[in-house]
Amino acid sequence: MDRLKEKFLKKATVEADNVKQFIAQYGEQKLGEYNVAQVYQGMRGMVGLITETSKLDPEEGIRFRGYTIPELREKLPKAPNGTEPLPEGIFYLMLMGELPSQEDVDDITNNWARRSIVPRHVFDTLDSLPANTHPMTEFSIGAMAMQTESLFAAAYKKGINKKDYWDYVYEDSMNLIARLPRLAAYIYRRKYKNNEHIEPDPKLDWAANLAHMMGYDLFDVKRLMRLYLTIHVDHEGGNVSAHTTHLVGSALSDPYLSFAAGMNGLAGPLHGLANQEVLSWIMELKRELGGGLPTKEQIADYIKKTLAEGRVVPGYGHAVLRKTDPRFLAQQDFYKRYIKHDDLCEIVQMIYEVAPPILQSTGKIKNPWPNVDAHSGVLLTHFGIVENDFYTVLFGVSRSLGVLASLIWDRVLGFPIERPGSMTTEALQKKFGVVKAVS
Ligand code: CMX
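Not measured: the values here are computed from a predicted model.

Undergrad: Help me get a handle on the site of the ligand, residues and values and all.
TA: Taken together, 21 residues lie near the ligand, and His271, Gly315, Tyr316, Lys366 and Asp373 sit nearest. Between an oxygen atom of the ligand and a main-chain N or O atom of Gly315, the distance comes to 2.8 Å. Here an oxygen atom of the ligand and a side-chain polar atom of Lys366 are 2.8 Å apart. With the chains in place, 76% of the 890 Å² that the ligand exposes on its own is no longer accessible. The residue inventory of the shell around the ligand, partitioned by class, reads 10 nonpolar, 6 polar and 5 charged.

Undergrad: How would you explain helix α5 (residues 102–114) if you had to name every residue and give the values?
TA: In a regular helix each residue adds 1.5 Å, so 13 residues correspond to 18 Å; α5 covers 19 Å between its end C-alpha atoms and thus fits that length. Those residues of α5 not exposed but buried are Asp104, Val105, Asp107, Ile108, Thr109, Asn111 and Trp112. Each element contacted by the buried residues of α5 is listed here: α1 (3–26), α4 (87–96), α9 (165–192), α10 (206–214) and α19 (391–412).

Undergrad: Quick one: what's the story with the pairing of strand β1 (residues 54–57), residue by residue and with numbers?
TA: Of the two faces of β1, the one holding Ser54 and Leu56 is buried and the one holding Lys55 and Asp57 is not buried anywhere. As judged from the 4 bridges shared by β1 and strand β2 (residues 61–64), these two strands associate in the antiparallel manner. Bridging from a neighbouring strand, Lys55 pairs with Arg63 of β2. Linking β1 to β2, which pair antiparallel, is a turn of 3 residues.

Undergrad: Talk me through the layout of surface pockets; I want residue IDs and the actual numbers.
TA: In this structure, the second largest pocket occupies an estimated 580 Å³ of space. Secondary structure elements with two or more residues in the lining of the second largest pocket: α1, α9 and α19. Broken down by element, the lining of the second largest pocket gets its largest block of residues, 8 residues, from α1. Grouping the constituent residues of the lining of the second largest pocket by class yields 13 nonpolar, 3 polar and 7 charged.

Undergrad: I'd like a description of empty space enclosed by the protein, backed by residues and values.
TA: Under the criterion given, the structure shown has 3 cavities of 30 Å³ or more. Its volume calculated, the largest cavity comes out at about 100 Å³. Thr51, Ala242, His246, Ser406 and Asp410 are the residues nearest the centre of the largest cavity, which is lined by 16 residues in total. Contributing elements (two or more residues each) for the lining of the largest cavity: α12 (240–250) and α19. Of all the elements, α19 adds the most residues to the lining of the largest cavity, at 6 residues. Classifying every residue of the lining of the largest cavity gives 6 nonpolar, 7 polar and 3 charged. For the second largest cavity, the calculated volume is near 50 Å³. Forming the walls of the second largest cavity are Val278, Trp281, Ile282, Pro314, Gly315, Tyr316, Phe328, Val348, Ile351 and Ala374. Among the elements of the structure, α14 (274–288) and α17 (343–361) are those that each provide at least two residues to the lining of the second largest cavity. The biggest single contributor to the lining of the second largest cavity is α14, with 3 residues. For the lining of the second largest cavity, the residue count by class is 9 nonpolar, 1 polar and no charged.

Conventions and cut-offs
Residues numbered from 1 in each chain as written. Predicted model: local features only at pLDDT ≥ 70, side-chain atom pairs only at ≥ 80, totals over all residues. Heavy atoms only, no water. Near = heavy atom within 4 Å. Polar contact = N/O pair within 3.5 Å; in protein donor to acceptor, adjacent residues only side chain to side chain. Areas by Shrake-Rupley, 256 points an atom, 1.4 Å probe, with all protein chains shown as cover. Nonpolar A, V, L, I, M, F, W, Y, C, P; charged D, E, K, R; others polar. Helix = DSSP H or I, 4+ residues; strand = E, 2+ residues; numbered from the N terminus. Expected span 1.5 Å × (residues − 1). Buried < 20%, exposed > 50% of the residue type's maximum accessible area, 1.4 Å probe, protein only. Contact = heavy atoms within 4.5 Å. Pairing = 2+ DSSP bridges. 1 Å grid on protein atoms, 1.4 Å probe; cavity = no way out; pocket = protein on both sides within 12 Å on 5 of 7 lines; lining within 4 Å. Points joined across faces, edges and corners; volume = space filled by probe spheres on them.

Structure, rendered in structure tokens:
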């Protein structure tokens, strides 16, 4: 048994017992009321899930096991000479509920390096796809192709005790996480770099190795990749990618199937694909104005035109947040600290000043502030990663850490198959005594 798994088992045994007792004692207590609009409008604000790894506050933003992003940038272990956290550390925090030591993080780096070999047939599957396949489709197919390796599926077929589900889900999750950088880099190099691939470097940490296999060995790119893969990991349980992974996993579909399903949700333009959309939208703005830095007035006109065309302003708004996303602020800080001047990053700053009042003036957008996707693409572009339809894959590599840590906990806590109730409009109207006019 690996070191992390041994420590996790001790913690999980205590916590599973705690939850069991809590349900037995408080199971009948009421949690609140919800209304008809919430049922029709995406279940906003209805608590219907337990997610242990992180919690989102509308005003303050995300906390991972109680820690904010600025706290984690300071407290989580770093690579030698590094200034940004290693994503291995936030995985440990989400899984174990406590900050890792440097030894804990190094142990995970080595653990994932040992598990990182991607089977050949996964590359063959990707090679059979047409060149115009979207990288997110390839990423999801790649994760699905790896499902042949699922220890959970194999064990379930043989017959395993419910008590042991978590063990196989842990193994599958660790293997999948370990292999995702190689999968992502393969997709990148196949599509944009003449199908010329770069072997992993077993001495590098998880994020730096991804940058390396994509073809970026500069210290600055590795630093950005570590921050990027740390801040995108998790956003409590109700967002589409986390919720989908959890939902599909509740049917005891193995981690490969569950994660791929989550990634299909992340690939939507209202969710993770917004990072691709932001860059396209900014480039379209630049093209329309003939290049160079736009003025604030030009940006304002462009935003108004976007809204008038019935499109969304990508990178702005959020279903839960009601303030600027701290993940946006972490990236803004990265820009100010390490890059200092870049035209596209300056445009992002100008949009930040101009967009909120315009969005607010529509009277319907509940959160006029930027989310994580408003900034990420311009930082990657600064370092030469200009292929914006690849950006959501990087988001997906990071998101694996949160959704799979949660999936392990789902099985430890013995959560059942998810199956909320639904109603027809007719039944609901009848409940409230609505009489339909006869046409
Ligand atoms: N631009 C234009 N209109 C927007 C908007 C935006 N950025 N954000 C919200 N709206 C609109 C909604 O489309 C909705 O319009 P209708 O009433 O006509 O349907 C109205 O404002 C109210 O929406 P809301 O309650 O404020 O927002 P939702 O919770 O429904 O949606 C989100 C949240 C993120 C999907 C939405 O803000 C949006 O589409 N933003 C742009 C896409 C984006 O950046 N997504 C990334 C989110 C972060 C992530 O998951 O990666």
